Amino acid sequence: MSFTEEPRSTCALGGALSLISSIQRAVPIVHAGPGCGFTLTFGQNIANGYQYIGYASGFAAPSTNTLEKHVVFGGENRLREQIRTTLEIMDADIFFVVSGCTAGLIGDDVRSIVEEFRRSEKPVIFSETSGFKGNTYRGYDLALRSLVDQLVLPAEKKTKNLVNLFGVVPSQNAFWQGDINEIVRLLNRIGVQVNLSGNRDNIEKIRRAAEAELNIVLSANTGLSTAELFKDKYQVQYLKYPLPIGTETSGFLRKVAEALGLDKERVEKVIQEEEEEFWKYLIQFSEAYVFLLVNKEFDVISDSNYAIAISKFLSNDLGLFPKLIAVTDSPDESLRCEIEGRIKELNYNLSPKVIFEEDNYKIWEEIAKDAPNLVFGSSLDRQSAKKEKALLFPVSYPLFDQTVLSKGYSGYRGAVRLVEDLGTELLTSI
Amino acid sequence: MPVNESETTQEPVSSEAHAKEHASQARHGKLKPKGLDIVPTREERLGTIIAYGGSCQELLKGCNRKCSKHQERSFSQSGPCDEMMPLLNSAMINGNVVIAHSPAGCPSMIDAVYLLNKIGRLSRSQPIEPLRFISTNLSENDVVFGGATELGKAIVEADKRYNPHLITVITSCASGIIGDNVEAVVNAVQPQVKAAIVPMRCEGFRSGAVATGYDAFLYALLRVIQKPEKKRENTILIVDPLTIDRKNEVEIERLLGKVGINVQWFPLFQDFENIKRASEVTGATTLCNLMSNFFLRALDERYGVPFTEPPMPVGIEYTNWWLRDVAKLFGKQDEIEKVIAEEEARIRPKLDEIKKQVEGRRVYVGFNLARSVGVQSLLLELGIETAVTTGFEYSDDYGQAPLENLSKRSKNFLVQIGNFQQFEWTNLFHKEKPDILIGGQEHSGWALRDGIPVTTLLPDTFYIGYDGAVSFAKDITKSLRNPSFAKNIAKRVKQPYKESWYSQDPFKYIGDTGIGSDGGDNQ
């Protein structure tokens, strides 16, 4: 990897902790230096809409706090002791050992230590997530795959119309709860039940996840290795469809309906009702649109999820002009062509420039060239946007100049919310 | 000069005599760092402990240095590490670019202090510049083949992009274990780079005491502090941590101004020029003697700057203490007594008025010890009892004198020393049932969720000096008036501990169980 100015994600351990914080009654056991658990949670809470999330995150996260002597002599005994005492004192349904740089570099055999606790009353699982293994998305993937591999039970039969969702990384998407809730609401409306949603799943749901008829990966980059594991190990097929915003959601619902063989008429009726409500609000917005949005050009700095969703929504639904889309989650080379293709699924031959770049300086060098009116980025971009005389609309990590609780921008209702917030940002910036 | 030996000469101490005096003070340990810029850990140098739970009296009686029982817990939770202080603090030096030689996760914490940066700059009428930082983004490939080349490139690029005066290079667990020679990289690229490059050796695993990170940060700055061309008479350098903002500085300037002492703050929110010229002052002190401990000695040793390290000036008594020590450096003992008398006469009635509303309450004080003791002193002036006080680490060097002072003035209280360890806090909240918690960001959220209202002391809180005492005392009365939020949420919070934990000794996991490390090295 090359050096990166103001990285747009944390590290693999950060991704693993982010996943754990989204699961009910799951306690991480961090096998790493003393600061990792705290730094990553502190960064990912505060710099992520000031959300305190997780059952035992931040200072409550058990941690071996590796010191020099462990680095010199090995940290395995310390890990064993820490797992034992954690089981003694903490009340949880899942104990999830995640390792950091120190453990990875000194070569502690985490697997065999965890193995010793196989017979404990509550499951102890592990994932090797040293920070240097990659960014938050990669860590989320590694940990989710480990979780599925070690906890999901083989299913005797599939449950009709039951699905699992994954791919929305809580610490990277500040709107994760709102976004997931809207998708779950819509799936329920077309007759689909959601087992794992990615928002406060519990041990029972995890254990029976192989009963699902279909997995839906709400990302073009994240969660794919887990979906593959499900397919190979538990015979659950998957549908990859990045998080939709606006009328793109109709396409999403149709794809799900097709994959599950749902009653078409019922699904179309739901889509019609939802679109009607959506457009009703957008019609109400049309006067504000006249003042604020006509002919506006925009750039996006975001992970592939929001890069795709925002580009399509603003171009295809709102009639704005995409210029530069900077994708910041460093997707594997093999995925980039597809992600660029999805970003460019736009009406009227609109064709923005797409770059895959995480270095903030380089991103802004590009943005400065095309002087957009609007930049959909992170809190990091506020000052730079000001300098370029563009309005910054904060959507991506890190997000430290707003608090986020329940709101999301996905689906139909999220899209309406996005338009409301965008209008407000534009009005207050005048 | 050590605060508890205040009965010395009335004359300002000459720097030479001063240096000698310190050289002879074996109890401060050896100042000479191990390598070129590797500071000794606090544990090595001061016998600092990071695990203690018990009464103040017992702590003073004996549990002391080199006591391995107090270096670890068999159950621990995540807390601060050595890398944090260099990372966060150097980001707050004006016009600096921070290079974290680490995977991208380590510097992610900087994103969380943007708010503090904004508060710090606004309160000093400085433009809000973004914090500049670059991660070398160490990958699996780098940890095998080394990350030195990438570090060199990052430094050169940082210089090109921002033309800064200063570039600080922060090391991490990963860069330390793979053995990248940061010093060699810095020496190799310095000729191509206009900025002064300052490496800070602060691998997260080095020390359990977060203040070792302060030492690494401040000591490294000595690389750019120049030999003084001239001395600035009656000017004092004051080391001020990130958590004490401008209005507190203004209070100190007001008080020292009355006796003709000018203040040069150091090192946060300062231009590079002020850092370079830090040695021109004629005395030095600190608002946080836990932070500045190593640096003030090193500055004195190198440039003969006499210093004093009184406890944090919170409340009347500790502010008096602080002012007296500082005035003595400049031979202004008589003048300061006049100021103290005036201020006390003005402030005491105000505090007494507030005392009527809060007297008899019991609180939990949640800070690092240097601040905890200061706040406790103010609490005593308000008739408030401390149930528990905390520190992230303890050393006699800065802890003994104020704790002795407090124990003479108050009932015995519990002391929890830990690099956080929230499981002990929650146990103590349940057992001690304090009326409120007075704390920083670290403790406050946890207290609220356990149903305890809080008085927060954040970077924009005014609490230093005499006027600060009144302002903060008013904050405390408010927290006692409406505890609704804490009471409401606590009913619905399930903490991640077994019910049985709350009936056990909060400190049962302190001490070496003998299997803490492989190879039998348990000291």
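Below: a short report on this structure.

Quick notes on the rules
Residues numbered from 1 in each chain as written. Chains lettered and ligands numbered in written order. Predicted model: local features only at pLDDT ≥ 70, side-chain atom pairs only at ≥ 80, totals over all residues. Heavy atoms only, no water. Pairing = 2+ DSSP bridges. Helix = DSSP H or I, 4+ residues; strand = E, 2+ residues; numbered from the N terminus. Axes fitted to C-alpha atoms, helices over the stretch in contact; angles between N-to-C directions. Contact = heavy atoms within 4.5 Å. Right-handed = clockwise from strand over helix to strand, strands pointing away. Buried < 20%, exposed > 50% of the residue type's maximum accessible area, 1.4 Å probe, protein only. Polar contact = N/O pair within 3.5 Å; in protein donor to acceptor, adjacent residues only side chain to side chain. Buried area = accessible area lost by both parts, 1.4 Å probe. Salt bridge = Lys/Arg side-chain N within 4 Å of Asp/Glu carboxyl O. Parallel < 35°, antiparallel > 145°, perpendicular 65-115°, else oblique. Nonpolar A, V, L, I, M, F, W, Y, C, P; charged D, E, K, R; others polar.

### As for the sheet that holds strand β11 (residues 353–356) of chain A
Residues and elements named next belong to chain A.
Then, in step 1: Taken in spatial order, the 5 strands of this open sheet run β11-β10-β9-β12-β13, and their pairing is parallel. Since the sheet does not close on itself, it has two edges, and those belong to β11 and β13 (391–394), each with one partner. With direction set aside, neighbouring strand axes in the sheet form an average angle of 15°.
Then, in step 2: In the sheet, strand β9 (residues 297–302) pairs with strand β10 (residues 321–327) via 5 bridges, with the strands oriented parallel. Looking at β10, one finds that Ile-301 is bridged to Ala-326.
Then, in step 3: Sheet strands touched by helix α15 (residues 333–343): β10 and β11. Its angle to β11, the strand with the most contacts, is close to 145°.
Then, in step 4: Helix α18 (residues 411–429) contacts β12 (374–377) and β13 of the sheet and is inclined by roughly 145° relative to β13.

### Thoughts on the sheet that holds strand β7 (residues 262–266) of chain B
Residue and element names in this part refer to chain B.
Then, in step 1: The sheet built from 3 strands is open, its strands ordered β7-β6-β8 with parallel pairing. The open sheet is flanked by β7 and β8 (281–286), the only strands paired with a single partner. Averaged over all neighbouring strand pairs, the angle between strand axes comes to 30°, with direction disregarded.
Then, in step 2: Running over the sheet, helix α15 (residues 315–329) touches β6 (232–239) and β8 and is turned about 160° from β8.

### With respect to the pairing of strand β8 (residues 237–240) of chain A
Residue and element names in this part refer to chain A.
Then, in step 1: Two strands pair when backbone bridges link them, and strand β7 (residues 214–217) and β8 are joined in this way by 4 bridges, in the parallel orientation. Looking at the pairing, Leu-214 lines up with Gln-237 of β8.
Then, in step 2: Handedness of the crossover joining β7 and β8 through helix α10 (residues 224–234) is recorded here as right-handed.

### Details of the side chain of A:Arg78
Then, in step 1: Position of A:Arg78 among the secondary structure elements: in helix α4 (residues 76–89).
Then, in step 2: Assessed through its relative accessible area of 4%, A:Arg78 is described here as buried.
Then, in step 3: A polar atom in the side chain of A:Arg78 sits 3.5 Å from the backbone oxygen of B:Ser74.

### Concerning the interface of chain B and chain A
Then, in step 1: Every contact between the two is made by 76 residues of chain B and, on the other side, 71 residues of chain A.
Then, in step 2: The contact between chain B and chain A buries some 6300 Å² in all, and 59% of this surface belongs to carbon and sulfur atoms.
Then, in step 3: Where chain B packs against chain A, one counts 5 salt bridges.
Then, in step 4: Taking the shortest distance from any N to any O, the salt bridge between A:Asp359 and B:Arg161 comes out at 3.0 Å.

### Section: the packing of helix α8 (residues 176–189) of chain A against α18(A)
Residues and elements named next belong to chain A.
Then, in step 1: Packing of α8 against α18 brings their axes to within 7 Å, and their N-to-C directions diverge by 140°. Judged by the angle between their axes, α8 and α18 are oblique. Of the residues in α18, those in contact with Glu-182, Arg-185 and Leu-186 of α8 are Gly-411, Tyr-412, Arg-413 and Gly-414.
Then, in step 2: Residue composition of the contact of α8 with α18, by class: 2 nonpolar, 2 polar and 3 charged.

### Description of unusual backbone geometry
Then, in step 1: Cis rather than trans, the peptide bond between A:Tyr397 and A:Pro398 has omega equal to -5°.
Then, in step 2: Residue placement: A:Pro398 occurs in the loop between β13 and α18.
Then, in step 3: Between B:Phe266 and B:Pro267 the backbone carries a cis peptide bond, its omega angle lying at -10°.
Then, in step 4: Note that B:Pro267 resides in the loop between β7 and α13 (272–276).

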